[in-house]
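Tertiary structure, described
Residues per chain are reported as follows:
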Amino acid sequence: MSLLSPDAAPAGAAPAGCFAHCDGGIVTIGNRRLVRRWKLTEQGLVPLSLALDGAEFLAGAPAEGPGMEPAGWRTFPAPLTRTGAPALHAVLEYALPGIGRIVRHFAVAADTPAVTVERLSSAPESVPASGSGTSAGPTGLEVDPGNGSGCTVEREAACESFRADTPHLRLREYRFADQTDCHDNLLTLIETRLAVNEPLRLRGVLFGVENVLTRSGVLLLKLAPLPERRPLPDEVDFEWDTERFFLHGDRYPWAVIGYSGGIEGATRELQRYQRDLRRFRSGCDGVALSNTWGDRNRDQALNENFMLGEIAIAAELGIDVCQIDDGWQAGVTVNSSRAAEAGGGVWEGYHSANPGFWQVHPERFPHGLDPLVRRGRELGVGLGLWFSPDSSDDFANIDKDLETVCRFEREFVVGWIKIYGVKSRTRRGEANLRRFFEQAMERTGGRLVFDLDVTAEIRPGYFGMPEFGTLFVENRYSDWHCWWPSATFRNLWQLSRAIPPVRLRFECLNPERNREKYRNDPLAPCLYPMDWIFFSVMAASPLIWCELGSLSERCRNDLKRIIPLWRKYREELYSGVTLPVGPCPDGTTTSGFLAVPPDGSFCHLLLLRDLDPESEHEFRLPFSPADGRCELLAGTGGWEAAGGTRVRCSLPGERSYLWLRFSRN
């Protein structure tokens, strides 16, 4: 199973501007923005050129004489991934002395300066001797406070090597953290000079190397779990030997992405590339979804009447999908409120514990889910479910699980599935999990959207399987005194440096619960209006994580004010890139997002003032505000042109927000 589409599109044509050819042992792949060239030799593929918008990034490499002829070469058009943008693919086969047959699969889409590469090999891979990637850290078992293997390593392989045309290079290391149940600094950017006397060897999934004189560079993205979650470890991912830099470890696909314009340009191209991996689908992606689990009642209230009430309130508020979390099914997990009476519940091995585990709970939903489906259809509210693929024995029951989720879609018209409890311990387990998602998408015609949880255990993470849906980022509960609206806003703002916000599911809880736990805290949730909280995550895929029936009239009115407006403009918000603006939020800032479509004809500026002592700040737009017009869509405050492309915005009160739409004349 692979990331890149393996088969040609029926009657497909290559996207405009994409090309791939192999002549005299010289391999060339690119599009109108990025062109890469290699020479095939007995040492492998020697990089000759990497040109972004006509500007060469690499130092010259000797290219005299013909290269080695490949054993095979073919090109074909197909989507980049099974859910991706149209792309041109090329498969190169060659043999190296002492190594043997190597097959590499390349792909390039039309408008993003990126080439994706994947190794295809018939050679057997190393297998863990006894298990797995480590699961040290959170387990995903939600225990209320007060309640009480060795691996072999494949020979290191340099899948990319570069010698830049300047010694003045900046390394930008994107250091991610998943297992968000115990991590709350989810992305840290570390900038380092690549010095001629200081070698570096680093682990990670994303690195940027930038020419400090031109502010252009390349991003090296490994489409893999974070290093500590991989079943087989890579001792090094990025290496600088004082003359060249390398990307190591080709068990997973990778992409080389060109960019210009410094860190803002890097953010633009990273977001565009991920939108090529999974194309945005209106009505499926970027929807507002409710889930009751955030109130920490777990499954105590779940039954037919309760969920019918939730669906009715969701329709009243403008929420797109009502999702039922753990407890709709007949089987009992360790997180259930009934776990103790059921002997502790289970967290894998579901089928052996109860062959009917994934049937609908007969007492809670005596008529099945049909009444919920009918009521949702009448009111325009979709249905979502929680599901946990059985991790036992490397997902040996994946075919049963596949039939289950297809039945959800077929019988209950379920379109959104939260995936939880995954323990991807081995390469075999990874392959089975990927097969589960691939075949579920294929058998349902791509109608399913999976939320892949990154909160605990051993999971694909931010970049392991990006083509299958949204990332459920964090479990935060006011019951545990670990949720602050400003902190959630901060995590979204930081991750948007590397990930399109629409790929991220971020939560709004009921801010009026658990006031006593935040006594004398100036950032207490209860001090924030509910529309401010929704506004802080509406650039992402919003999650209203509470029992809707428990929201006060004030909270409901706040949501009625902001959600319909967001629905009106969300196609525009999600049409292009979403850049973080202002300082990193910390509860004392005015920060936000700038959403810009591909043609740059308009932009949305979303600003949130927290406990910032200053009411006015300047921000830069993609065009002069004097050359167009501005609409104030929501919030309080105003704006004025500040010269060039700058705009000065004022937000008069603390915990206020401002939504401006600028358009060109």
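Every value quoted in this text rests on a predicted model; they were computed, and no experiment measured them. Each chain has its residues counted from 1, running along the sequence as written. In keeping with the predicted nature of the model, local features appear solely for residues at pLDDT of at least 70, side-chain atom pairs appear and are counted solely at 80 or more, and the whole-chain, interface and lining totals rest on all residues. Water and hydrogen atoms play no part in the side-chain values, which are based on all heavy atoms of the structure.

Along its length, the protein chain carries 10 helices and 34 strands. Each of the three principal axes of the protein chain carries a C-alpha extent, and together these read 75 × 65 × 50 Å. Burial classes: relative accessible area under 20% of the type maximum marks a residue as buried, over 50% as exposed, and values in between as partly exposed (1.4 Å probe, protein chains only). Every one of the 665 residues in the protein chain was classed for burial, and the buried ones make up 62%. A total accessible area of about 23,900 Å² is found for the protein chain, and carbon and sulfur atoms account for 49% of it. The charge count includes Lys and Arg as positive and Asp and Glu as negative, but it does not include His or the ends of the chains. By convention, the point assigned to a charge is CZ for Arg, NZ for Lys, CD for Glu and CG for Asp. For the protein chain, the distance from the average site of its 74 positive side-chain charges to the average site of its 87 negative ones is 2 Å. Numbering of helices and strands runs from the N terminus; a helix is a DSSP stretch of H or I covering at least four residues, while a strand is a stretch of E covering at least two. Per-residue and other accessible areas follow the Shrake-Rupley method at a 1.4 Å probe size, with only the shown protein chains counted as cover for residues.

Now for the environment of L504. Relative to the helices and strands, L504 resides in strand 25 (residues 504–508). Between the C-alpha atom of L504 and that of L492, which follows or precedes it by 12 residues, the distance is 7.8 Å. Any pair of residues with heavy atoms lying within 4.5 Å of one another is described as a contacting pair. Residues contacting L504, with those up to four places away along its chain left out, are T470, L471, V473, L492, L495, I499, A540 and S541.

With that settled, consider helix 8 (residues 485–495). With nine of 11 residues buried, helix 8 lies mostly within the body of the structure. For helix 8, the set of buried residues is P485, S486, T488, F489, N491, L492, W493, Q494 and L495.

Turning to the packing of helix 9 (residues 530–537) against helix 10 (residues 553–573), a few remarks are in order. Interhelical geometry of helix 9 versus helix 10 gives an angle of 35° and a closest axis separation of 7 Å. Crossing angle aside, the handedness with which helix 9 passes helix 10 is right-handed. Across from M530, D531, F534 and F535 in helix 9, the residues of helix 10 making contact are C555, D558, L559, R561, I562, I563 and W566. For this classification, Asp, Glu, Lys and Arg are treated as charged, while Ala, Val, Leu, Ile, Met, Phe, Trp, Tyr, Cys and Pro are nonpolar and the rest, including Gly, are polar. Class assignment for the residues of the contact of helix 9 with helix 10 results in eight nonpolar, no polar and three charged. All axes are obtained by fitting lines to C-alpha atoms, using only the stretch in contact for helices, and the reported angles, taken between N-to-C directions, cover 0 to 180 degrees. Should the near helix be turned anticlockwise from the far one by less than a right angle, the crossing is left-handed, and should it be turned clockwise, the crossing is right-handed.

Moving on: the sheet that holds strand 16 (residues 238–240). The criterion for strand pairing is that DSSP finds at least two bridges linking the strands in question. As summarised here, the arrangement of the four strands in space is 10-17-16-13, forming an open sheet in which the pairing is antiparallel. The sheet is open, and its two edges are formed by strand 10 (158–162) and strand 13 (200–202), each paired on a single side. Direction aside, the axes of adjacent strands within the sheet are offset by 15° on average. When strand 16 meets strand 17 (residues 245–248), the two strands line up antiparallel, connected through three bridges. Note on strand 17: the bridge partner recorded for F238 is L247.

Relative to the elements of secondary structure, S541 occurs in strand 26 (residues 541–544). Residues adjacent in sequence count toward polar contacts only when both atoms are side-chain atoms; beyond that, a polar contact is any pair of N or O atoms within 3.5 Å, and within protein one must be able to donate a hydrogen and the other to accept it. At 2.8 Å, the side chain of S541 and the backbone oxygen of V502 are in polar contact. Beyond its immediate stretch of four places on either side in the chain, S541 contacts G286, V287, T470, P501, V502, L504, R505, F506 and Y574.

Within this model, the second largest pocket holds a volume of roughly 950 Å³. For cavity detection a 1 Å grid was placed over the protein atoms alone, and a set of points counts as a cavity when a 1.4 Å probe fits there but cannot get out; an open set counts as a pocket when protein lies on both sides within 12 Å along at least five of seven lines, with lining residues being those that have an atom within 4 Å of a point. The wall of the second largest pocket is formed by 41 residues, among which R268, R272, G576, V577 and V596 lie closest to the centre. The set of elements that each furnish at least two residues to the lining of the second largest pocket consists of helix 1 (262–277), strand 27 (577–581), strand 28 (590–596) and strand 30 (616–620). Top contributing element to the lining of the second largest pocket by residue count: helix 1, with seven residues. Along the lines of polarity and charge, the residues of the lining of the second largest pocket split into 19 nonpolar, nine polar and 13 charged. Grid points are joined across faces, edges and corners, and a volume is the space filled by probe spheres set on the points.

With that out of the way, let us pick up the pairing of strand 20 (residues 321–324). Here strand 20 shows two buried faces, one formed by V321 and Q323 and the other by C322 and I324. Bridge analysis of strand 19 (residues 289–291) against strand 20 gives three bridges, and the strand direction is parallel. Counted as the bridge partner of S290 is C322 from strand 20. Handedness of the strand 19-helix 2 (residues 304–317)-strand 20 crossover: right-handed. Both strand 20 and strand 21 (residues 382–387) contribute to a ladder of four bridges, which runs parallel. Bridge assignment links Q323 to a residue of strand 21, and that residue is G384. The handedness rule is simple: strands pointing away from the viewer, and a clockwise path from the first strand over the helix to the second, make the crossover right-handed.

Okay, empty space enclosed by the protein next. There is about 120 Å³ of room inside the largest cavity. Residue lining of the largest cavity: Q274, R275, R278, R279, F280, D285, P466, G469, T470, P500, V502 and R503, and that is the complete set. When residues of the lining of the largest cavity are traced back to their parent elements, those giving at least two are helix 1 and strand 24 (469–472). Grouping the amino acids of the lining of the largest cavity by side-chain chemistry returns four nonpolar, three polar and five charged.

The next subject is the pairing of strand 8 (residues 100–109). Put simply, side chains in a regular strand alternate between the two faces of the sheet. With eight of 10 residues buried, strand 8 is to be regarded as a mostly interior element. Pairing of strand 7 (residues 86–96) with strand 8, which is carried by 10 bridges, proceeds in the antiparallel orientation. Paired with A90 across the two strands is F106, which belongs to strand 8. The antiparallel pairing of strand 7 with strand 8 creates a hairpin that spans three residues between the two strands, and G98 there sits at a positive phi of about 80°.

Only rings of Phe, Tyr and Trp enter the pairing, Trp through its six-membered ring, and a pair is recorded when the two centres are within 6.5 Å. The plane angle decides the type: under 30 degrees is stacked, over 60 is edge-to-face, the rest tilted. Enumeration over the complete set of coordinates arrives at 34 aromatic pairs. Ring centres 5.7 Å apart and planes at 40° place the aromatic pair W358 and W386 in the tilted group. Of this pair, W358 sits in the loop between helix 3 (350–353) and helix 4 (370–379) while W386 sits in strand 21, placing them 28 residues apart in sequence. Here W358 matches W386 in class, with each residue buried. Plain terms: the ring middles of F387 and F436 are 6.4 Å apart, the flat faces sit at 25° to each other, and that makes the pair stacked. Of this pair, F387 sits in strand 21 while F436 sits in helix 7 (residues 427–443); the two residues are 49 residues apart in sequence, bridging distant segments of the chain. Exposure class is identical for F387 and F436. Each is buried. Through a chain of ring-to-ring contacts, the aromatic side chains of W328, Y350, F357, W358, W386, F387, F408, F436, F437, F450 and F468 assemble into a single cluster. Positioned above the aromatic ring of W566 is the side chain of R570, whose terminal nitrogen or guanidinium carbon lies 4.7 Å from the ring centre. Counting as a charge over the ring demands two things of the Lys NZ or Arg CZ atom: a distance within 6 Å of the ring centre and an angle within 35 degrees of the ring normal.

Turning next to the confidence of the model for the protein chain. Put simply, the protein chain has an average pLDDT of 93, and 94% of its residues get 70 or more. For every residue, the predictor reports its confidence as pLDDT, a number between 0 and 100. Across residues 122–132, where pLDDT falls below 50, the model places 25 contacts with residues more than four positions away in sequence or in other chains. Note that residues 147–156 has pLDDT below 50 and, in this model, 25 contacts with residues that lie over four places away or in other chains.

A few words now on the nonpolar core. We call a set of buried Ala, Val, Leu, Ile, Met, Phe, Trp, Tyr and Cys residues a nonpolar core when their side-chain atoms join them within 4.5 Å. F176, F436, F450, L495 and W659 are the most contacted members of the largest nonpolar core, which has 136 residues in total. At eight residues, the largest contribution of residues to this core is made by helix 10. If we ignore the near neighbours within four places in the chain, the residues touching F436 are F387, P389, I398, D401, L402, V405, I419 and F450. If you look at the next biggest cluster of nonpolar residues, it comprises 42 residues, including L34, Y94, V209 and F245.

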